Amino acid sequence: MTRTTSKYWLVGIGLWCVAVSGFALYSIETSKQRLADELQAAGQTLHRLISQRVAQHDAHMTSLIAVTSGPEPASFSAVRHVMETIIRFYPRIAWIELISLGDTEPEDHGVKVLLRVPEGESEDLAALRGAFAEQERGKIAVYENRNGRYLLAKKASSPSETAVVLSIDARLLLDPEERPAWAKVRLMLSGKPLLDLPAQDGVDTAASFVAPLHFESVIDGEKQQLSLLLDRSVPLAALLPARHVVGFGVMTGLALFAAMFALRQRSTTLRLRRTVGEAEIRAVLHERETMLAHASRVNALGEMASGIAHELTQPLTAILSHSQAALRLTDADTFDIHPICKALEVNVREAKRAGEMLKRMRDYASNRVPEPVRSAINGIVTEIEALTSIDLKQRGIRLDCSLAAEPLEAVADPIELEQVLHNLIRNAADALEGADTKAATIRIETQAAGCEAKIIVSDNGPGIATDALPRLFRPFFTTKPEGMGLGLSLCATLVERIDGRIEAENSAGGGARFTVTLPRLPSREAP
Ligand code: ADP
């Protein structure tokens with residue numbers, strides 16, 4: 001996996017983690033709200049049910065007081081019947097007593113039970129005697145009782161000393177099925193715990209992941225100071241259902257994977273297109289450079305024309321004079337074939353020399369596609385020496401060549417390498433001519449330097465100005481009035497495209513020194 005690919009995947013996994021965490025937080029928030037809403041709704045329902053039941057208790061008390069202490073009180077058997085009916089239909093009313101607070105025997109301790117339904121052992125209400133006496137007539141008062149029960153008492157209006165007492169079993173105020181299984185239900189009577197029912201699903205509020213949800217409301221009965229309290233445990237599983245998170249994780253993971261895949265495909269296509277575009281641009285540049293190199297060579301040949309013409313004149317003159325001499329010999333009385341053969345040999349040699357010269361010129365000016373091949377550097381230097389030496393001689397400049405003893409080979413197009421050397425020689429000649437140097441000399445050296453081959457072209461001219469040195473290889477940099485400033489930049493292009501480099505400096509003894517360095521090929525084993 002490449003570095004870019006792993007970066008893509010890391011970003012993808014990071015995004016996925018952020019999405020899943022975001023979903024988890026959202027799920028927790030919404031679940032908490034939903035659970036709180038459920039608790040609120042359940043609390044209100046229970047509150048309504050209990051309120052209705054409490055109101056029924058008030059109604060029973062009022063009707064019982066009415067039948068027992070009116071101007072014409074009902075008989076005890078009629079009152080008992082009413083009480084039995086109430087008990088039968090309302091099982092949460094544990095018992096009902098009609099008591100007398102006056103006219104009691106000493107053993108009654110101030111409270112005498114006149115009637116009790118269901119029959120059985122009466123509660124010991126003597127402790128409440130004082131409270132009953134204090135109680136406002138016609139109003140209901142609530143008293144604590146044992147075992148989850150509480151008492152409701154109502155005193156008849158004066159002069160009757162009777163009162164009705166109801167024992168309510170708070171546990172039966174709600175049917176089990178009316179309670180939500182997840183809620184812990186509590187009832188408080190005047191601020192004291194009356195009933196504490198744990199959640200039916202067995203989830204304790206201590207196991208709550210966040211603070212348990214709470215509902216509290218006062219039951220509006222006449223003096224029945226009851227409070228309903230609901231608590232709901234919020235376990236993590238309720239806030240963050242595992243299957244939702246896993247489902248979301250899988251879905252987003254798949255979606256992200258698909259998006260990443262599409263992105264990767266797109267970036268690969270773009271990269272490919274870019275690569276193709278760059279290759280096309282490189283090809284166009286290469287073609288232009290080749291055309292420029294060719295134009296520059298043709299131009300150089302024009303400059304060398306007089307030297308070349310001189311070079312060609314020599315063999316032609318020699319051929320002419322030897323041919324004339326040979327012709328004369330054929331006319332002589334004593335025909336001697338030997339000098340004629342000599343003359344013909346010279347002709348052949350000179351014609352070959354002229355032919356070589358023309359071939360060199362044709363090659364140099366050719367417009368063929370450059371083809372880097374295994375080239376012998378010393379051979380190329382010898383060629384360029386032959387091509388330029390006559391012109392240089394005419395300009396009064398000596399050309400010294402010092403070739404490495406060992407064979408130096410590099411992958412290069414011979415014509416282009418010749419062109420590089422020719423440009424360097426021509427620049428050196430221009431510098432020498434302009435400076436009017438005595439014993440003007442250009443020196444070409446070839447050297448082996450490890451796995452590199454060096455060609456050094458130096459002169460004993462004025463050298464390069466220090467401020468010009470860094471700009472020398474930039475296109476259009478020239479200090480010559482007629483210069484184009486393209487020679488050295490072309491040299492750099494041609495050398496760099498065969499993985500070489502070209503450097504310029506001033507020699508310690510004066511004059512400029514250009515070094516072309518090329519990767520050297522290992523020499524071939526002798527066959
Ligand atoms: P041009 O020959 O058209 O000026 P080049 O790119 O061949 O363009 O050369 C750029 C400049 O480099 C020349 O104008 C010259 O100032 C400087 N230069 C090149 N070779 C030499 C040298 N051997 N001695 C001194 N200056 C040189």
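Refer to the structure above for everything that follows.
Parameters and conventions
Residues numbered from 1 in each chain as written. Predicted model: local features only at pLDDT ≥ 70, side-chain atom pairs only at ≥ 80, totals over all residues. Heavy atoms only, no water. Helix = DSSP H or I, 4+ residues; strand = E, 2+ residues; numbered from the N terminus. Contact = heavy atoms within 4.5 Å. Areas by Shrake-Rupley, 256 points an atom, 1.4 Å probe, with all protein chains shown as cover. Lys, Arg positive; Asp, Glu negative; His and termini not counted. Charge placed at Lys NZ, Arg CZ, Asp CG, Glu CD. Buried < 20%, exposed > 50% of the residue type's maximum accessible area, 1.4 Å probe, protein only. Polar contact = N/O pair within 3.5 Å; in protein donor to acceptor, adjacent residues only side chain to side chain. 1 Å grid on protein atoms, 1.4 Å probe; cavity = no way out; pocket = protein on both sides within 12 Å on 5 of 7 lines; lining within 4 Å. Points joined across faces, edges and corners; volume = space filled by probe spheres on them. Nonpolar A, V, L, I, M, F, W, Y, C, P; charged D, E, K, R; others polar. Core = buried A, V, L, I, M, F, W, Y, C linked by side-chain atoms within 4.5 Å. Phe/Tyr/Trp six-rings, centres within 6.5 Å; stacked < 30°, edge-to-face > 60°. Salt bridge = Lys/Arg side-chain N within 4 Å of Asp/Glu carboxyl O. Near = heavy atom within 4 Å.

**So, the overall build of the chain**
Logical step 1: Looking only at helices and strands, the chain features nine helices and 16 strands.
Logical step 2: Across its three principal directions, the C-alpha atoms of the chain cover 195 × 45 × 40 Å.
Logical step 3: Across the chain, the fraction of contacts at a sequence separation of at least 24, relative to all contacts at a separation of at least 6, is 65%.
Logical step 4: Put simply, the chain shows about 29,300 Å² of open surface, and 58% of that area lies on carbon and sulfur atoms.
Logical step 5: Treating the 59 positive side-chain charges of the chain as one cloud and the 66 negative ones as another, the clouds have centres 2 Å apart.

**So, the environment of Ala-74**
Logical step 1: Relative to the elements of secondary structure, Ala-74 occurs in the loop between α1 (3-69) and α2 (76-89).
Logical step 2: Each C-alpha atom, one on Ala-74 and one on Gly-379, is 147 Å from the other, the two residues being 305 residues apart in sequence.
Logical step 3: Not counting chain neighbours up to four residues away, the residues in contact with Ala-74 comprise Val-67 and Val-79.

**Considering the side chain of Ser-51**
Logical step 1: As for its placement among the helices and strands, Ser-51 is situated in helix α1.
Logical step 2: Take Ser-51: its relative accessible area is 13%, and that puts it in the buried class.
Logical step 3: In terms of polar contacts, Ser-51 uses its side chain to reach the backbone carbonyl oxygen of His-47, at 2.7 Å.

**A look at empty space enclosed by the protein**
Logical step 1: Evaluated as defined, the whole model comprises two cavities of 30 Å³ or more.
Logical step 2: In this structure, the largest cavity occupies an estimated 60 Å³ of space.
Logical step 3: Thr-290, Ala-293, His-294, Arg-297, Asn-367, Arg-368, Pro-370, Asp-413, Ile-415 and Glu-416 together form the lining of the largest cavity.
Logical step 4: For the lining of the largest cavity, the secondary structure elements donating two or more residues are α5 (242-331) and α8 (414-435).
Logical step 5: Of the residues assigned to the lining of the largest cavity, the class counts are three nonpolar, three polar and four charged.
Logical step 6: Around the second largest cavity sit Ala-412, Asp-413, Glu-416, Leu-417, Val-420, Leu-494, Val-495 and Ile-498, which together line it.
Logical step 7: If you list the elements that add at least two residues to the lining of the second largest cavity, you get α8 and α9 (487-496).
Logical step 8: For the lining of the second largest cavity, the class distribution of residues is six nonpolar, no polar and two charged.

**What about the nonpolar core?**
Logical step 1: Counting 50 residues, the largest nonpolar core has Ile-377, Leu-424, Ile-442, Ile-444, Ile-455, Val-516 and Leu-518 as its most contacted members.
Logical step 2: Tallying contributions element by element places α8 first for this core, with eight residues.
Logical step 3: Discounting residues that sit within four places of it in the chain, Ile-442 has contacts with Leu-392, Ile-397, Arg-398, Leu-399, Asp-400, Ile-425, Ala-428, Ala-429, Leu-432, Val-457, Ser-458 and Asp-459.
Logical step 4: Ranked by size, the runner-up nonpolar core spans 47 residues in total, among them Ala-156, Leu-189, Leu-197 and Phe-215.

**A short note on the packing of aromatic side chains**
Logical step 1: Applying the stated rule across the entire model yields two aromatic pairs.
Logical step 2: Relative to Phe-248, the ring of Phe-23 has its centre 4.1 Å away and its plane inclined at 5°; by these criteria the two rings are stacked. Of this pair, Phe-23 sits in helix α1 while Phe-248 is found in helix α5, placing the two residues 225 residues apart along the sequence.
Logical step 3: A relative accessible area of 19% means that Phe-23 is categorised as buried.
Logical step 4: Take Phe-248: its relative accessible area is 25%, and that puts it in the partly exposed class.
Logical step 5: Between Phe-473 and Phe-514, the ring centres sit 6.5 Å apart and the planes meet at 80°, which makes this aromatic pair edge-to-face. Remark: Phe-514 occurs in strand β16 (residues 512-519) and Phe-473 occurs in the loop between β14 (452-459) and α9; sequence separation between them is 41 residues.

**A look at the pattern of salt bridges**
Logical step 1: The full count for this structure, using the stated rule, is 23 salt bridges.
Logical step 2: With a closest N to O distance of 2.8 Å, Glu-409 and Arg-374 form a salt bridge. Taken as a pair, Glu-409 in strand β12 (residues 409-412) and Arg-374 in strand β10 (residues 373-376) lie far apart in primary sequence, 35 residues in all.
Logical step 3: The class for Arg-374 is partly exposed, based on a relative accessible area of 31%.
Logical step 4: Here Arg-513 makes a salt bridge to Glu-505, at a shortest N to O gap of 3.1 Å.
Logical step 5: Of the residues examined, Arg-513 reaches a relative accessible area of 27% and is grouped as partly exposed.
Logical step 6: The network of salt bridges with common partners includes Asp-391, Arg-395, Asp-430, Glu-433 and Lys-480.

**Description of the environment of Thr-205**
Logical step 1: Structurally, Thr-205 can be placed in the loop between β7 (192-197) and β8 (213-219).
Logical step 2: Judged by relative accessible area, which is 21%, Thr-205 ranks as partly exposed.
Logical step 3: In this structure the C-alpha to C-alpha distance between Thr-205 and Thr-269, which are 64 residues apart in sequence, comes to 58 Å.
Logical step 4: Once residues within four sequence positions are removed from consideration, Thr-205 is found in contact with Pro-212, Asp-231, Arg-232 and Ser-233.

**Some remarks on the site of the ligand**
Logical step 1: Around the ligand, the structure places 19 residues, and the nearest of them are Asn-427, Thr-478, Thr-479, Lys-480 and Leu-488.
Logical step 2: For the ligand, an oxygen atom lies 2.9 Å from a polar atom in the backbone of Met-484.
Logical step 3: Look at the ligand: alone it shows 540 Å² of surface, and the protein chains cover 93% of it.
Logical step 4: Contributions of two or more residues to the shell around the ligand are made by α8, α9 and β16.
Logical step 5: A per-element tally of the shell around the ligand places α8 first, with three residues.
Logical step 6: When the residues that make up the shell around the ligand are grouped by side-chain class, the tally is 10 nonpolar, seven polar and two charged.

**Quick notes on the side chain of Gln-419**
Logical step 1: Tracing the sequence through the fold places Gln-419 in helix α8.
Logical step 2: Residue Gln-419 is classed as buried on the basis of its relative accessible area, which comes to 1%.
Logical step 3: Of the polar contacts made by the side chain of Gln-419, one reaches the side chain of Ser-296; its length is 3.2 Å.

None of this, on its own, says anything about what the molecule does.
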